[in-house]
Amino acid sequence: MNVTVDRHPLATLLDRNRWTAVMFLKRVSDKHRAREGSATATRKEKVSRWISGSITPEITVQEAMADVLGVDPQEVRRRGWPDWLFLAFDDDHTILESPWTPAGTVQALESVGGPVDRRGFLVASSGALAAMVAQWATAPHSVATSTSGRRIGQQVVTLFDTRLDALRHLDDQVGSGQAYDAATAELRLITRILREASYSDNTGRGLYALAAEASRLAGWCAYDSGHTATAERHFITAVRASASSGNDTAGASALAFWANLRYTNGDPRGALDLINGALASARNITSPRVLAMLHARQARAHSKAGETAAAYRAVDAALDAYDRAGPASEDLPAMYWVTAGELHQVAASSALSLGEPHRALRHFDAALSHHDPYDTEKEARGTAIYLARRAEAHLALGDIDAALENAHQVLEHMSGVDSALSSSTLTELRDQLRTHGHIRAVQDFLGLTA
């Protein structure tokens with residue numbers, strides 16, 4: 001059973017353990033008597049009120065609950081209610097500590113589950129990230145060929161590949177909220193086939209690579225919906241699956257998306273650990289667009305860390321890698337969105353983070369005016385985010401009219417797209433515009449987006 005974002009963790013824990021409210025309260029009462037010398041009431045309405053949020057249990061009751069659930073009671077005070085309840089789920093232990101083997105990968109894939117409503121990162125430290133990348137780089141690239149169950153061949157791999165490609169484009173058009181459920185459904189089906197079907201070594205590698213891409217896509221959708229820990233769980237399983245497939249390119253792609261999450265959420269050093277680990281295997285990365293994406297993410301991480309020279313070196317490396325790319329049809333299907341325009345947008349955002357709005361606008365202009373025969377698709381969410389950043393560059397230069405022109409275009413591109421990332425970008429832009437709230441045109445825009 002999954003811990004869904006709209007469900008209280010206590011409700012899910014009761015279901016997982018097959019406890020009624022009264023059964024659970026009796027266990028809590030026994031623990032409370034042992035700890036504090038007094039029993040607690042066992043009326044089931046208490047649990048309903050805890051789950052609804054109308055009442056928060058007393059701290060001694062929470063500590064008794066922790067005893068029942070096998071959680072260190074010290075975490076109750078450290079993490080607070082209800083965040084400490086998530087420590088009672090063992091999914092993360094499986095995902096983080098399963099062996100780097102095909103069997104361990106399947107175990108992790110089965111545990112990744114659905115969205116988890118949790119604050120902060122799943123992997124806390126930069127050192128832990130570096131260690132995980134080292135495990136990925138040294139994991140044995142061997143598929144356990146299955147000889148039991150119904151025999152499947154490459155046609156199944158091709159069908160899944162087609163379905164995932166459709167999901168990527170669906171995400172572009174309607175946003176992550178709707179696409180997440182579809183991506184996790186694909187992942188569950190691929191995982192079940194890995195577990196139950198029989199297949200050759202070649203087909204097995206294809207299936208693990210598909211699992212890596214499905215989990216990577218689910219991770220992106222979770223991240224774009226604002227669920228950081230859930231996204232990391234998917235990115236970790238994507239990296240594991242890529243190792244089981246022997247596909248360093250798939251792993252590098254997952255690491256690049258994971259790095260995006262880390263630097264956007266205030267951890268540029270951790271992001272660089274992920275990117276540098278991927279680039280250490282650059283000779284095995286077969287996609288020029290994946291290499292360009294890695295360098296682009298490297299540029300953003302350096303810019304977030306305030307490292308100007310390193311950021312611009314990475315921008316140059318990204319553009320150089322893209323110059324070596326051919327048509328998108330000759331690259332990975334998942335990399336269709338990596339274009340010269342996208343890379344200039346990344347360069348512009350990096351310059352903006354480094355306090356160089358003039359340089360940012362030059363790259364924004366290059367993104368619009370460049371000639372790229374491979375840039376055939378425009379994605380509404382990404383366009384909205386970069387238009388908002390362009391507006392921020394104009395604001396930094398005091399050009400309110402140009403900023404508002406871009407801000408109104410942001411609203412047009414966001415229409416109908418479900419994305420927490422673009423929504424938060426708009427919120428940041430609104431906050432900056434409020435400093436000019438005495439201007440009537442600014443007031444009108446703020447009124448439109450209230």
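Please read these numbers as outputs of a predicted model, since none were measured by experiment.

### Notes on the overall build of the protein chain
Along its length, the protein chain carries 22 helices and zero strands. Burial status across the protein chain gives 54% buried among its 450 residues. Across the protein chain, contacts joining residues at least 24 apart in sequence account for 70% of those joining residues at least 6 apart. Summed over its atoms, the accessible surface of the protein chain is roughly 19,400 Å², and 49% of this surface lies on carbon and sulfur atoms.

### Quick word on the pattern of salt bridges
Tallying each qualifying case throughout the model produces 17 salt bridges. For Asp30, the salt bridge identified is with Arg33, shortest N-O distance 3.2 Å. With Asp30 and Arg33 both in helix H2 (residues 21–36), this residue pair falls three residues apart, about one helical turn. Residue Asp30 is classed as partly exposed on the basis of its relative accessible area, which comes to 45%.

### Notes on the packing of helix H13 (residues 248–264) against helix H14 (residues 268–279)
It is the contact of H13 with H14, at a shortest axis distance of 8 Å, that shows an interaxial angle of 170 degrees. As the angle between them shows, H13 and H14 are arranged roughly antiparallel. Contact residues: Ala252, Leu255, Trp258, Ala259, Arg262 and Tyr263 in H13; Pro268, Ala271, Leu274, Ile275 and Ala278 in H14. A breakdown of the residues in the contact of H13 with H14 according to their chemical character gives ten nonpolar, no polar and one charged.

### Description of the packing of aromatic side chains
Counted according to the given criterion, the structure contains five aromatic pairs. With 5.7 Å between their ring centres and 70 degrees between their planes, Trp220 and Tyr223 make a pair best called edge-to-face. A residue pair is termed a helical-turn pair when its members lie 3 or 4 positions apart in one helix, as Trp220 and Tyr223 do in helix H11 (residues 201–224) at three residues. In this structure Trp220 comes out as buried when scored by relative accessible area, which is 13%. Summarising the aromatic geometry, the rings of Phe257 and Trp337 are spaced 6.0 Å apart at their centres and angled 70 degrees between planes, so their arrangement reads as edge-to-face. You can see Phe257 sitting in helix H13 and its partner Trp337 sitting in the loop between helix H16 (308–323) and helix H17 (340–353), a full 80 residues away along the chain.

### A few points about unusual backbone geometry
The bulk of non-glycine residues show a negative phi, and the bulk of peptide bonds are trans. Residue Trp81 is joined to Pro82 through a cis peptide bond whose omega torsion reads 0 degrees. Note on placement: Pro82 falls in the loop between helix H5 (74–79) and helix H6 (91–97).

### Observations regarding the packing of H11 against helix H12 (residues 228–245)
Two elements in contact, H11 and H12, have axes separated by 7 Å at closest approach and are oriented at 165 degrees. Between H11 and H12, the crossing angle belongs to the class labelled roughly antiparallel. For the pair H11 and H12, the sense of crossing is left-handed. Residue-level inspection shows Arg205, Tyr208, Ala209, Ala211, Ala212, Ser215, Arg216, Ala218, Gly219, Trp220, Ala222 and Tyr223 of H11 in contact with H12, the latter providing Thr230, Ala231, His234, Phe235, Thr237, Ala238, Ala241, Ser242, Ser244 and Ser245. Classifying every residue of the contact of H11 with H12 by side-chain character gives twelve nonpolar, eight polar and two charged.

### Here we look at H2
Compared with the 22 Å implied by 1.5 Å per residue over 16 residues, the 21 Å span of H2 between its first and last C-alpha is a close match. Listed in full, the buried residues belonging to H2 are Ala21, Phe24, Leu25, Val28, Ser29 and His32. One face of H2 carries all of its buried residues, which in axial projection span an arc of 140 degrees. Of the surrounding secondary structure, the elements contacted by the buried residues of H2 are helix H1 (9–17), helix H3 (45–52) and helix H4 (59–69). One or two steps after H2, the chain reaches Gly37, where phi turns positive at roughly 85 degrees.

### Comments concerning the nonpolar core
Within the largest apolar cluster, 88 residues are counted, with the highest numbers of intra-cluster contacts made by Leu194, Leu207, Leu255, Trp258 and Leu294. At twelve residues, H11 tops the list of elements feeding residues into this core. Ignoring anything within four residues of it in the chain, the contact list for Leu194 reads Val106, Leu109, Tyr199, Gly204, Leu207, Tyr208 and Ala211. In this structure, Leu13, Leu14, Leu69 and Val76 belong to the second largest nonpolar core, which totals 21 residues.

### Details of H12
The terminal C-alpha atoms of H12 lie 26 Å apart, and with 18 residues this matches the ideal 26 Å at 1.5 Å per residue to within 8%. Within H12, 18 of the 18 residues are buried, which leaves the element mostly enclosed by the surrounding structure. With its phi angle positive at about 70 degrees, Gly246 sits one or two positions after the end of H12.

### Here's the deal with the side chain of Glu392
Mapped onto the secondary structure, Glu392 falls in helix H19 (residues 380–396). Among buried charged residues, Glu392 stands out as having no salt bridge; its nearest opposite-charge side chain is Arg389, 6.0 Å away. Those residues in contact with Glu392, other than ones at most four positions away along the chain, are Leu352, Glu428, Leu429 and Gln432.

### Considerations on the confidence of the model for the protein chain
Close inspection of predicted coordinates is inappropriate in any region flagged by low pLDDT. Averaged over all residues, the pLDDT of the protein chain equals 85, while 88% of them reach at least 70. Within the model, pLDDT remains below 50 along residues 1–6, and this stretch shows 19 contacts once partners closer than five positions in the same chain are excluded.

### Concerning the environment of Lys304
Of note, Lys304 is situated in helix H15 (residues 288–304). When the C-alpha positions of Lys304 and Pro268 are compared, they lie 6.2 Å apart, and in sequence the two are 36 residues distant. When sequence neighbours within four positions are dropped, the list of residues in contact with Lys304 reads Tyr263 and Pro268.

The rules we used
- Residues numbered from 1 in each chain as written.
- Predicted model: local features only at pLDDT ≥ 70, side-chain atom pairs only at ≥ 80, totals over all residues.
- Heavy atoms only, no water.
- Helix = DSSP H or I, 4+ residues; strand = E, 2+ residues; numbered from the N terminus.
- Buried < 20%, exposed > 50% of the residue type's maximum accessible area, 1.4 Å probe, protein only.
- Contact = heavy atoms within 4.5 Å.
- Areas by Shrake-Rupley, 256 points an atom, 1.4 Å probe, with all protein chains shown as cover.
- Salt bridge = Lys/Arg side-chain N within 4 Å of Asp/Glu carboxyl O.
- Axes fitted to C-alpha atoms, helices over the stretch in contact; angles between N-to-C directions.
- Parallel < 35°, antiparallel > 145°, perpendicular 65-115°, else oblique.
- Nonpolar A, V, L, I, M, F, W, Y, C, P; charged D, E, K, R; others polar.
- Phe/Tyr/Trp six-rings, centres within 6.5 Å; stacked < 30°, edge-to-face > 60°.
- Left-handed = near helix turned anticlockwise from the far one by under 90°.
- Expected span 1.5 Å × (residues − 1).
- Arc of directions from axis to C-beta.
- Core = buried A, V, L, I, M, F, W, Y, C linked by side-chain atoms within 4.5 Å.
- Lys, Arg positive; Asp, Glu negative; His and termini not counted.
- pLDDT = per-residue confidence, 0-100.

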